[in-house]
Amino acid sequence: MKALPMILASGLLTACVGQPADETRHLEGEVFYLQRMALPPAATLSVSLQDVSLADAPAVELARQNGPVQGQVPLAFRLDYDPAKVQPNRRYAVSARIELDGRLMFINTEQHSVKLDGSDPQPLRIKVDPVR
């Protein structure tokens, strides 16, 4: 009789061990612009996922991809984020910029909101506009 509770307890523990904690999720997409021009080889792309809920405070960054441009537009990106940092009733957005030698060349001028609930269309398409 004493063995039955032990067997049940070990069965519950075995079931719990196999369950992973919140895994990293991701957003994939591409950055593009409409101008007919090639990017210089030294250009860099920066894409970030931000909590933009508070209008009077800086956005809180949840994920970032930053590095040299690989090829020409459209430029692929992947943002890995921790779903434990996503809070209900918050607003999230993806922003993108292209720089050359620290000088801004392109930036998105429209907000690209995401829900982070699995319903966001992927790949995301982020249009950036030239900076004059």
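Thresholds applied
Residues numbered from 1 in each chain as written. Predicted model: local features only at pLDDT ≥ 70, side-chain atom pairs only at ≥ 80, totals over all residues. Heavy atoms only, no water. Helix = DSSP H or I, 4+ residues; strand = E, 2+ residues; numbered from the N terminus. Contact = heavy atoms within 4.5 Å. Areas by Shrake-Rupley, 256 points an atom, 1.4 Å probe, with all protein chains shown as cover. Polar contact = N/O pair within 3.5 Å; in protein donor to acceptor, adjacent residues only side chain to side chain. pLDDT = per-residue confidence, 0-100. Salt bridge = Lys/Arg side-chain N within 4 Å of Asp/Glu carboxyl O. Buried < 20%, exposed > 50% of the residue type's maximum accessible area, 1.4 Å probe, protein only.

Identification of the protein chain as Lipoprotein from Metapseudomonas lalkuanensis is taken from an unreviewed UniProt entry.

Q: What exactly am I supposed to notice about the overall build of the protein chain here?
A: Scanning the protein chain from terminus to terminus reveals one helix and nine strands. When the helices and strands of the protein chain are read in sequence order from the N terminus, they spell out α-β-β-β-β-β-β-β-β-β. Across the protein chain, every contact between residues at least 6 apart in sequence was considered, and the portion connecting residues at least 24 apart equals 64%. For the protein chain, the exposed area adds up to about 9000 Å²; of that, 55% sits on carbon and sulfur atoms.

Q: Teacher, can you tell me more about the side chain of Gln 50 here?
A: With respect to the element layout, Gln 50 can be found in strand β2 (residues 44-51). Of the polar contacts made by the side chain of Gln 50, one reaches the side chain of Ser 48; its length is 3.2 Å. When neighbours within four sequence positions are excluded, Gln 50 is seen to be in contact with Ala 59, Val 60, Glu 61, Leu 62, Arg 91, Tyr 92, Ala 93 and Ser 95.

Q: How should the confidence of the model for the protein chain be read in this particular structure?
A: Low-confidence regions, as indicated by low pLDDT, have predicted coordinates that should not be scrutinised in detail. Mean pLDDT over the protein chain works out to 88, with 83% of the residues at or above the 70 mark. pLDDT under 50 marks residues 4-19. Its contacts with residues more than four places away, or in other chains, come to zero contacts.

Q: Would you take a moment to explain the environment of Gln 122 for this structure?
A: If you trace the backbone, Gln 122 turns up in the loop between β7 (112-114) and β8 (124-127). It is 9.9 Å that separates the C-alpha atoms of Gln 122 and His 26, two residues lying 96 residues apart in sequence. Filtering out sequence-adjacent residues up to four positions away, Gln 122 remains in contact with His 26, Leu 27 and Glu 28. Engagement of the side chain of Gln 122 in a polar contact is seen with the backbone nitrogen of Glu 28, the distance being 2.7 Å.

Q: Can you walk me through the pattern of salt bridges in this structure?
A: As a working rule, side chains carrying opposite charge can pair if their charged atoms are close by. Tallied over the full model, the rule gives seven salt bridges. Salt-bridge contacts for Arg 78 lead to Glu 28; the nearest nitrogen and oxygen are separated by 3.1 Å. Placement of Arg 78 in strand β4 (residues 75-81) and of Glu 28 in strand β1 (residues 25-32) is noted, with a sequence separation of 50 residues between them. Using a relative accessible area of 41% as the deciding quantity, one classes Arg 78 as partly exposed. Judged by its relative accessible area of 33%, Glu 28 falls in the partly exposed class. Arg 78 serves as the salt-bridge partner of Asp 80, at 2.9 Å between the closest nitrogen and oxygen. Taken together, the shared-partner salt bridges connect Glu 28, Arg 78 and Asp 80 into one network.

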